[in-house]
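Descriptive analysis of the structure
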Amino acid sequence: MNKMNAEEIYKRAIQEKGVEHQRRIAIEEMAELTNALMKFDRGRTTVDDIIEEIADVTIMMQQLAIIYGKNAVALQIEYKTQRLKRRLDEHNAD
Ligand SMILES: [Mg+2]
C-alpha cells in the first residue's frame, strides 16, 4: 500500500464515504468530545479519553475544512487568533 499523507487520506474518506456521511460523523465526534469533557468533571472519564476524542474531532474538523474551504478556514483561524491576542494584550494593559 502506498503511503498517503493526512490530507490525501481525508480527501479519500470524503470521496468514498460522501460529504453527508462525514458531516454526520463530525457531529457525532463533537458530541463524544462534549460528553468526555462533561463527564471529566464528575470523574467518569480520564485525560486519555479526552485526548482520544480531541484527536477524533480534529480529524473530522480537517475534513470539514476540506469540504467547506480549507483556505477560508485557515484565514478565519489566523484572524481569530490575532484578535484573541489583541484582547489579551488590551486586558493586560488595564
Ligand atoms: Mg470519538
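In this text, all values refer to a predicted model and were calculated from it rather than measured experimentally.

Further remarks concern the overall build of the chain. For the chain, the helix and strand inventory stands at 4 helices and 0 strands. Going from N to C terminus, the chain has its helices and strands arranged as α-α-α-α. Relative to a compact globule of 94 residues, whose C-alpha radius of gyration would be 12 Å, the chain shows 17 Å and is clearly more extended. For the chain, the spread of C-alpha atoms along the three principal axes comes to 55 × 40 × 25 Å.

Quick look at the coordination of the magnesium ion now. Protein-derived coordination of the magnesium ion comes from Glu29 (OE), Glu32 (OE), Glu53 (OE) and Asp56 (OD), at a distance range of 2.0 to 2.2 Å. If you list the donors of the magnesium ion from N- to C-terminus, the spacing comes out as E-x2-E-x20-E-x2-D. Remark: Asp56 occurs in helix H3 (residues 47-68) and Glu29 occurs in helix H2 (residues 19-40); sequence separation between them is 27 residues.

So, on to a negative patch on the surface. Residues Glu32, Asp48, Asp49 and Glu52 make up a contiguous surface patch of negative charge. The element contributing the most residues to the negative patch is H3, with 3 residues. Tracing the backbone through its elements, the reader meets Asp48 in helix H3. Using a relative accessible area of 58% as the deciding quantity, one classes Asp48 as exposed.

Turning next to the pattern of salt bridges. In this structure the tally under the stated criterion is 6 salt bridges. Between Glu7 and Lys11 there is a salt bridge; the shortest N-O distance is 3.0 Å. Linking Glu7 with Lys11, this pair stays in helix H1 (residues 6-17), spanning 4 residues, or about one helical turn. Judged by its relative accessible area of 27%, Glu7 is partly exposed.

Reading the values: the criteria
Along each chain, numbering runs from 1 in the same order as the chain's sequence is written. Only residues with pLDDT of at least 70 are given local features in this predicted model, and only at 80 or more are side-chain atom pairs given and counted; all residues enter the totals for whole chains, interfaces and linings. Side-chain numbers come from the whole structure's heavy atoms, not from hydrogens or water. Numbering of helices and strands runs from the N terminus, with a helix taken as a DSSP run of H or I at least four residues long and a strand as a DSSP run of E at least two residues long. What the globule rule says is 2.2 Å times the number of residues to the power 0.38, and the radius of gyration is computed from C-alpha atoms. Donors, by definition, are the N, O and S atoms found within 2.8 Å of a metal, the threshold being 3.2 Å for Na, K and Ca, and water is not counted, so a site can look incomplete. Excluding any residue in a salt bridge, patches collect residues exceeding 30% relative accessible area, merging like charges within 9 Å and nonpolar Val, Leu, Ile, Met, Phe, Trp and Tyr side chains within 5 Å. Computed with a 1.4 Å probe, the accessible areas rest on the Shrake-Rupley method; for each residue, only the protein chains presented here act as cover. Within this document, salt bridges are pairs made up of a side-chain nitrogen of Lys or Arg and a carboxyl oxygen of Asp or Glu, the two lying within 4 Å of each other. The positive count covers Lys and Arg only, the negative count covers Asp and Glu only, and His and the chain ends enter neither. Throughout, a charge is located at the NZ atom of Lys, the CZ atom of Arg, the CG atom of Asp or the CD atom of Glu. Summary of the burial criterion: residues with accessible area below 20% of their type's maximum are buried, those above 50% are exposed, and those between are partly exposed, where the area comes from a 1.4 Å probe applied to protein chains only.

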